[in-house]
There are 2 protein chains.
Amino acid sequence: MKGKFYGIGVGPGDPELLTLKAIRILKNIDIVISPETKKGKGSIALDIAKDYLRDDIEKLNLIFPMTYDEKVLNEKWKENAEIINLKLEEGKNIAFLTLGDPMVFSTYMYLIPPLRKQGVDIETIPGITSFCAVASTVEVPLSAGEESLCILPLRRDCENLDEVLDSFDNIVVMKPSHDNKLLGEKLIERGYGDKFVLVSKCGTSEEEVSYDIDRLKDKDVPYLSTVIIKKRGIR
Amino acid sequence: MKGKFYGIGVGPGDPELLTLKAIRILKNIDIVISPETKKGKGSIALDIAKDYLRDDIEKLNLIFPMTYDEKVLNEKWKENAEIINLKLEEGKNIAFLTLGDPMVFSTYMYLIPPLRKQGVDIETIPGITSFCAVASTVEVPLSAGEESLCILPLRRDCENLDEVLDSFDNIVVMKPSHDNKLLGEKLIERGYGDKFVLVSKCGTSEEEVSYDIDRLKDKDVPYLSTVIIKKRGIR
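Residues numbered from 1 in each chain as written. Chains lettered and ligands numbered in written order. Predicted model: local features only at pLDDT ≥ 70, side-chain atom pairs only at ≥ 80, totals over all residues. Heavy atoms only, no water.

## Comments concerning the relation of the copies chain A and chain B
(1) Moving on: Turning chain A through 180° and shifting it by 0.0 Å along the axis lays it on chain B, with an RMSD of 0.0 Å. What we have between these two chains is a two-fold relation.
(2) Moving on: Comparing interface residues between copies, 100% of those in chain A also sit at the interface in chain B, which points to an isologous, same-surface contact. (Least-squares fit on C-alpha atoms with pLDDT ≥ 70 in both. Contact = heavy atoms within 4.5 Å.)

## Re the packing of aromatic side chains
(1) Moving on: Applying the stated criterion to the full structure yields seven aromatic pairs over all chains.
(2) Moving on: Ring geometry for B:Trp77 against B:Tyr110: centres 4.0 Å apart, planes inclined by 0°, an arrangement best described as stacked. Of the two residues, B:Trp77 sits in helix H3 (residues 70–89) while B:Tyr110 sits in the loop between strand S4 (94–98) and helix H4 (112–117), which places them 33 residues apart along the sequence.
(3) Moving on: Judged by relative accessible area, which is 24%, B:Tyr110 ranks as partly exposed.
(4) Moving on: Site record: aromatic cluster; members linked through ring pairs are A:Phe5, A:Phe96 and A:Tyr108. (Phe/Tyr/Trp six-rings, centres within 6.5 Å; stacked < 30°, edge-to-face > 60°. Helix = DSSP H or I, 4+ residues; strand = E, 2+ residues; numbered from the N terminus. Buried < 20%, exposed > 50% of the residue type's maximum accessible area, 1.4 Å probe, protein only.)

## A few points about the pattern of salt bridges
(1) Moving on: Scanning all chains against the criterion turns up 40 salt bridges over all chains.
(2) Moving on: With its nearest N and O atoms 3.2 Å apart, the salt bridge here joins A:Lys201 to A:Glu206.
(3) Moving on: Residue A:Lys201 is classed as partly exposed on the basis of its relative accessible area, which comes to 28%.
(4) Moving on: The salt bridge partner of B:Lys76 is B:Glu79, with a shortest N-O separation of 3.0 Å. Taken as a pair, B:Lys76 and B:Glu79 lie in helix H3 at a separation of three residues, close to a single helical turn.
(5) Moving on: Among the residues examined, B:Glu79 registers a relative accessible area of 38% and is labelled partly exposed. (Salt bridge = Lys/Arg side-chain N within 4 Å of Asp/Glu carboxyl O.)

## Considerations on the sheet that holds strand S5 (residues 122–125) of chain B
The strands making up a sheet associate through hydrogen bonds between their backbones, and the pairing can be parallel or antiparallel.
All names here are of chain B.
(1) Moving on: Strand order in the open sheet formed by five strands is S3-S2-S4-S1-S5, and the pairing between neighbours is parallel. The two strands at the open ends of the sheet, each matched to only one other strand, are strand S3 (58–59) and S5.
(2) Moving on: Relative to S4, strand S1 (residues 5–9) runs parallel, the two being bridged by five bridges. Residue pairing in the sheet places Gly7 in a bridge with Phe96 of S4. (Pairing = 2+ DSSP bridges.)

## Digging into the interface of chain A and chain B
(1) Moving on: Each side of the interface is counted separately: chain A has 60 residues, and chain B has 60 residues.
(2) Moving on: Roughly 4,800 Å² is buried in total at the junction of chain A and chain B, and carbon and sulfur atoms are behind 56% of that figure.
(3) Moving on: For chain A, the biggest contributors to the area lost against chain B are A:Glu16, A:Glu139 and A:Glu146; these three give 16% of the whole.
(4) Moving on: Counting across the interface, chain A meets chain B through six salt bridges.
(5) Moving on: Residue B:Asp14 pairs with A:Lys21 through a salt bridge whose shortest N-O separation is 4.0 Å.
(6) Moving on: Taken together, the links from chain A to chain B amount to 20 residue pairs in polar contact (both at pLDDT 80 or more).
(7) Moving on: Those elements that provide at least two residues to the side of chain A that touches chain B are helix H1 (20–26), helix H4 (112–117), strand S5 (122–125), helix H5 (130–138), strand S6 (149–153) and helix H6 (161–167) of chain A. (Buried area = accessible area lost by both parts, 1.4 Å probe. Polar contact = N/O pair within 3.5 Å; in protein donor to acceptor, adjacent residues only side chain to side chain.)

## Concerning the nonpolar core
In summary, soluble globular proteins display a tendency toward joint burial of nonpolar side chains.
(1) Moving on: Grouped together as the largest cluster of nonpolar side chains are 120 residues, with contacts concentrated most on A:Phe5 and B:Phe5.
(2) Moving on: Among the nonpolar cores identified, the runner-up in size contains 38 residues, and A:Phe168, A:Phe196, A:Val221 and B:Val164 belong to it. (Core = buried A, V, L, I, M, F, W, Y, C linked by side-chain atoms within 4.5 Å.)

## Here's the deal with the pairing of strand S6 (residues 149–153) of chain B
(1) Moving on: Within S6(B), five of the five residues are buried, which leaves it mostly tucked inside the rest of the structure.
(2) Moving on: Going residue by residue along S6(B), you find B:Leu149, B:Ile151 and B:Pro153 tucked away on one face and B:Cys150 and B:Leu152 tucked away on the opposite face as well.
(3) Moving on: Pairing of S6(A) with S6(B) involves three bridges; the strand directions are antiparallel. Within S6(B), the residue paired with A:Cys150 across the bridge is B:Cys150.

## Things to note about H5(A)
Residues and elements named next belong to chain A.
(1) Moving on: Burial analysis of H5 places seven of its nine residues in the buried class, the great majority of the element.
(2) Moving on: Every buried residue of H5 is accounted for by Phe131, Cys132, Ala133, Val134, Ala135, Ser136 and Val138.
(3) Moving on: Backbone geometry just downstream of H5 places Glu139 in the positive-phi region, at approximately 50°.

## As for unusual backbone geometry
All names here are of chain B.
(1) Moving on: Non-glycine residue Phe105 carries a positive phi angle of around 50°.
(2) Moving on: Structurally, the position occupied by Phe105 is in the loop between S4 and H4.
(3) Moving on: Phi angles above zero are rare outside glycine, and Lys201 is one such case at about 50°.
(4) Moving on: Looking at the element boundaries, Lys201 is found in the loop between strand S8 (196–200) and strand S9 (208–210).

Written as structure tokens, this is what we have:
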């Protein structure tokens, strides 16, 4: 029988934030795919899940190019989907691990269309997003009552940033390290220099929480950081 | 010793989407608080968690008025915080359960400031949000690459709706039943009549998924529904 393909959200970092459903499936897969966040740095998602994987688990290393060029990406995803499909046809069950949730800024989501085309049976298991974990850690509500919330990945060109900062009361900025200095300056310009919190490496032993605008304007904000901006005040 | 107060996100409905951390704490609390979603309808959050609670668990019924009047609310939350603090001083550990995540549209978040004032030791455990669960169920990415995402609770006055529909590529509309007919009309006006999905009672036996604009314009969309709009196309 052909195997099944799972996308599993392993949450933001703390293995205790895995769901029962994720663990049940992790224990029963034959092959795991878990892209490295940075080349040679190993996979954080795999570290989170490793205690629940079988001893004889096979690790499948696929190449996911770090580019936004859709043509390059589509070709690579198609190729990866074909490799996966061959393994599924051997009767193996495969899981693709994603940090946080599979449907929020993941590599996994791009594999779904080419896998669907090959008639693959897919199941996706949601995970705790980094921004929910960060909000709980600092006990800052992301949105209350009838307020809206914007989740904004900081683009390298910082397009959208002004518009979002002006329109929303609650903003989560993902990947602030793309230009945290500019983000800090824009918050000061608007008088929101004390209405944000920066959380880095949430749930790990290196976790750092800062309400200090000078810290946000620093050069060395880690990649795994999140900023929550609340115009009503952060505390 | 004074007890500890926990806010626990129990996820969107499926008990298998509880985290290990939520379960560890649920097993060790003395008192549970779990507001009813609608008067007399029982608590969905309590149903999700019930298998992990001790047999001798005490249920504390607090009144949380369904209003947006901040003065009324602040007074009631202060009163509820005092009741909770008295129980904590008896050495009891207390958990407040919220559907989804405690920091996204919950009643729990309002209790944090008055409890902090009383010097209560608080810990918040994040949960799977309804919108992440919905996105996984229908395998629709919430945001990819450098796209931003707006989480919009449909206000009874539908303020913001036009602006958000015009500005964002990815929109999650929470509580669409507040005026799903209007939402449907606005999608048609903009040519997005086939670029959304409506999911009701996700993860339950009554789950319903629809890509049909006529269904969205129906009168009887359930309260526990979510709409995902993706201008790039939904499938």
